[in-house]
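# Per-entry structural report
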Amino acid sequence: MKTLVLVEHDNKTMKDATLAVVTAASQLGEVHALVLGSGCAAVGEQVAKVAGVSTVHVADDAALEHQLAENAAPLIASLMESHDAFLAPATTTGKNIAPRVAALLDVMQISDILSVESEDTFTRPIYAGNAIATVKSSDAKKVITVRGTAFDKAATEGGSASIEGVTGAGESGLSTFVSEEIAKSERPELTSAKIIVSGGRALGSSEKFEEVITPLADKLGAGIGASRAAVDAGYVPNDYQVGQTGKIVAPEVYIAIGISGAIQHLAGMKDSKIIVAINKDEDAPIFQVADIGLVADLFNAVPELTSKL
């Protein structure tokens, strides 16, 4: 079985999300990687060193610089003539491209898989992660998105894949890239952070969020997250959101401060290795999943914790 893995990158560096997808694909068969971009030769060389990848297809085309799904999907669909499965990370980019590929191939997409049971059988979460469905597909071609936190990351060294150029499909004329605003931070990115400090609506304002959460995160060298309620209230930007409609994370330590633990939020962080919860409501649902729980006023407990680190 030949698999085609979509490489997530910024035309300069491969992103970690790709490595978990390579691991999932290797459980299905031979792994081929696809780099879509413009001036992305360096990314192809990085991917060629990833353990488990046998071939890297590089589509270097101006029309693919921003990996617009409308331009990428026709090319991927054409490559699927010689591949049995297409796998993409369950990220913004992967979720944008994969459904279009599935539509062009006229197959059912299998979303957000947690494990590979066999070549045609997979598990995936349903009901916000409260149940796990086992899905068996009879489609000749598989289109799959992979939850990055569910698979180990493939080694970035040890591979010696061949690199082959492929011709891009060109401009589809269906969409154009207008602009992007990229937030820059010295803190680790949420999906790759080993420690995450996350704040909820109980913080009350963006000023209090900055005053209470940021010093603790700085002391721990942690990424900063937030509940949907905190994001909706305007305390922090959308890219801080952890949860079913935000980012799915599984750090070594997740510290939930002033977060009640709604199902939507738990779906995004309950796979964390150690969960620490600080909340003054002893009946808050977050304590049901927490390994360490502290019932206390966060405005007293967190500054005291920060001062003792």
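In case you missed it, the structure is sitting above this.
Residues numbered from 1 in each chain as written. Predicted model: local features only at pLDDT ≥ 70, side-chain atom pairs only at ≥ 80, totals over all residues. Heavy atoms only, no water.

## Looking at the overall build of the protein chain
What the protein chain contains, in helices and strands, is nine helices and 15 strands. Over its C-alpha atoms the protein chain spans a radius of gyration of 21 Å, differing by no more than 12% from the 19 Å that the globule rule assigns to 309 residues. Each principal axis of the C-alpha distribution contributes one length, and for the protein chain these read about 60 × 40 × 40 Å. The buried share of the protein chain, taken over its 309 residues, is 47%. Accessible area of the protein chain: about 14,700 Å², with a carbon and sulfur share of 49%. Mean positive and mean negative side-chain charge positions of the protein chain (24 and 39 charges, respectively) differ by 3 Å. (Helix = DSSP H or I, 4+ residues; strand = E, 2+ residues; numbered from the N terminus. Rg over C-alpha atoms; globule rule 2.2 N^0.38 Å. Buried < 20%, exposed > 50% of the residue type's maximum accessible area, 1.4 Å probe, protein only. Areas by Shrake-Rupley, 256 points an atom, 1.4 Å probe, with all protein chains shown as cover. Lys, Arg positive; Asp, Glu negative; His and termini not counted. Charge placed at Lys NZ, Arg CZ, Asp CG, Glu CD.)

## Some thoughts on the nonpolar core
Counting residues in each nonpolar core, the largest one holds 32 residues, and the members touching the most others are Val56 and Leu87. Per-element tally for this core: the top contributor is helix H1 (residues 17–26), with six residues. Those residues in contact with Leu87, other than ones at most four positions away along the chain, are Thr3, Leu4, Val5, Leu6, Val21, Ala24, Ala25, Leu28, Ile144 and Val146. (Core = buried A, V, L, I, M, F, W, Y, C linked by side-chain atoms within 4.5 Å. Contact = heavy atoms within 4.5 Å.)

## Some thoughts on the pairing of strand S12 (residues 223–226)
Every second residue of S12 is oriented toward a common face, with Gly223 and Gly225 on one face and Ile224 and Ala226 on the other, all of them buried. Alignment of strand S11 (residues 195–199) against S12, held across four bridges, turns out to be parallel. By the bridge assignment for S12, Ile196 is matched with Gly223. As a crossover connection, the stretch from S11 through helix H5 (residues 206–220) into S12 is right-handed. (Pairing = 2+ DSSP bridges. Right-handed = clockwise from strand over helix to strand, strands pointing away.)

## Let's talk about the sheet that holds strand S3 (residues 53–60)
Across the sheet, seven strands lie side by side as S5-S9-S4-S1-S2-S3-S10; this open sheet has parallel pairing. Taken across any chain shown, the strands that pair with only one partner, and hence form the sheet edges, are strand S5 (109–113) and strand S10 (162–165). When strand polarity is set aside, the average angle formed by the axes of neighbouring strands in this sheet is 25°. In the sheet, S5 pairs with strand S9 (residues 142–146) via three bridges, with the strands oriented parallel. Following the sheet pairing, Gln109 is matched in S9 by Val143. Strands in contact with helix H3 (residues 69–79) are strand S1 (2–6), strand S2 (30–37), S3 and strand S4 (85–89); relative to S2, the strand with the most contacts, it is inclined by about 155°. (Axes fitted to C-alpha atoms, helices over the stretch in contact; angles between N-to-C directions.)

## What to know about the packing of H5 against helix H9 (residues 298–308)
At a closest axis distance of 9 Å, the pairing of H5 and H9 adopts a crossing angle of 30°. In terms of axis orientation, H5 runs roughly parallel to H9. Like other packed secondary-structure pairs, H5 and H9 cross with a definite hand, here left-handed. Mapping the contact onto sequence places Lys208, Val212, Pro215, Leu216 and Lys219 in H5 and Leu298, Phe299, Val302, Leu305, Thr306 and Ser307 in H9. Taken together, the residues of the contact of H5 with H9 break down into seven nonpolar, two polar and two charged. (Parallel < 35°, antiparallel > 145°, perpendicular 65-115°, else oblique. Left-handed = near helix turned anticlockwise from the far one by under 90°. Nonpolar A, V, L, I, M, F, W, Y, C, P; charged D, E, K, R; others polar.)

## Remarks on helix H4 (residues 92–105)
Counted at 1.5 Å a residue, the expected span for H4 with its 14 residues is 20 Å, and the 21 Å between its end C-alpha atoms agrees. Among the residues of H4, Gly94, Ile97, Ala98, Val101 and Ala102 are the ones counted as buried. Angular distribution of buried residues about the axis of H4 spans 135°; they occupy a single face of the element. Opposite the buried face of H4, by more than 90 degrees, sit the exposed residues Thr92, Ala103 and Leu104. As for H4, its buried residues are in contact with S1, H3, S4, S5 and S9. Downstream of H4 by a residue or two, Asp106 has a phi angle that is positive, lying close to 60°. (Expected span 1.5 Å × (residues − 1). Arc of directions from axis to C-beta.)

## Details of empty space enclosed by the protein
As enumerated under the stated definition, the model contains one cavity of 30 Å³ or more in all. Approximately 30 Å³ is the volume found for the largest cavity. Taken together, Arg147, Thr149, Ile248, Val249, Ala267, Gly268, Met269, Lys270 and Asp271 make up the lining of the largest cavity. When its residues are assigned to classes, the lining of the largest cavity shows four nonpolar, two polar and three charged. (1 Å grid on protein atoms, 1.4 Å probe; cavity = no way out; pocket = protein on both sides within 12 Å on 5 of 7 lines; lining within 4 Å. Points joined across faces, edges and corners; volume = space filled by probe spheres on them.)

## Section: the environment of Lys136
With respect to the helices, strands and loops of the structure, Lys136 is situated in strand S8 (residues 131–136). Judged by its relative accessible area of 65%, Lys136 falls in the exposed class. On a C-alpha basis, the gap between Lys136 and Lys219 in space is 46 Å, while along the polypeptide they are 83 residues apart. Residues in contact with Lys136, not counting those within four places in the same chain, are Asp120 and Thr121.

## Overview of the sheet that holds strand S6 (residues 115–118)
Pairing in this open sheet of three strands is antiparallel, and the strands run S6-S7-S8 from one edge to the other. Of all strands in the sheet, those bounded by a partner on one side alone are S6 and S8. The average undirected angle you get between the axes of adjacent strands in this sheet is 35°. Summarising the sheet, S6 and strand S7 (residues 121–126) pair through three bridges and their orientation is antiparallel. Each residue of the ladder has a partner; that of Ser118, found in S7, is Thr121.

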